[in-house]
Amino acid sequence: QEARRDGIFAGLTSDLTGALLGSRLMGFSRNKSIFCGVLTGLLSGYFFTQAFEASNISRIKSQHTS
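The following refers to the structure shown. (Residues numbered from 1 in each chain as written. Predicted model: local features only at pLDDT ≥ 70, side-chain atom pairs only at ≥ 80, totals over all residues. Heavy atoms only, no water.)

**Looking at the overall build of the protein chain**
Then, number 1: Helices and strands together make up the secondary structure of the protein chain, namely two helices and zero strands.
Then, number 2: Considering only C-alpha atoms, the protein chain reaches an extent of 55 × 20 × 10 Å along its principal axes.
Then, number 3: Within the protein chain, buried positions represent 20% of all 66 residues.
Then, number 4: Restricting to contacts in the protein chain with at least 6 residues of sequence separation, those with at least 24 account for 65%. (Helix = DSSP H or I, 4+ residues; strand = E, 2+ residues; numbered from the N terminus. Buried < 20%, exposed > 50% of the residue type's maximum accessible area, 1.4 Å probe, protein only. Contact = heavy atoms within 4.5 Å.)

This is the structure we're talking about:
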């Protein structure tokens, strides 16, 4: 649950950052910026969630074996 919450937060922040970078720095149109932000947010949220879950599982395993 904690990993999912952190992954969603990471996805939302990267979504905003991706949309802003796409529109301001890359000069994308509105639709391309929205698409860039959504794609960035989804991928980032997914991969951060996977990483947080793996980190939590390894932490629990190391505590269990100690």
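**Describing helix H2 (residues 30-65)**
Then, number 1: The first and last C-alpha atoms of H2 sit 52 Å apart over 36 residues, in line with the 52 Å expected at 1.5 Å per residue.
Then, number 2: The complete set of buried residues in H2 reads Ser33, Gly37, Gly41, Ser44, Gly45 and Thr49.
Then, number 3: For H2, the secondary structure elements touched by its buried residues are helix H1 (2-24). (Expected span 1.5 Å × (residues − 1).)

**Details of the packing of aromatic side chains**
Then, number 1: In total, this model carries two aromatic pairs according to the counting rule given.
Then, number 2: The interplanar angle of 70° and the centroid separation of 5.2 Å between the aromatic rings of Tyr46 and Phe47 together place this pair among those described as edge-to-face.
Then, number 3: Judged by centre distance (5.8 Å) and plane angle (35°), the ring pair of Phe48 and Phe52 falls under tilted. Pair noted here: Phe48 and Phe52 are both in helix H2, with a separation of four residues, about one helical turn.
Then, number 4: Note on Phe48: relative accessible area 39%, which makes it partly exposed. (Phe/Tyr/Trp six-rings, centres within 6.5 Å; stacked < 30°, edge-to-face > 60°.)

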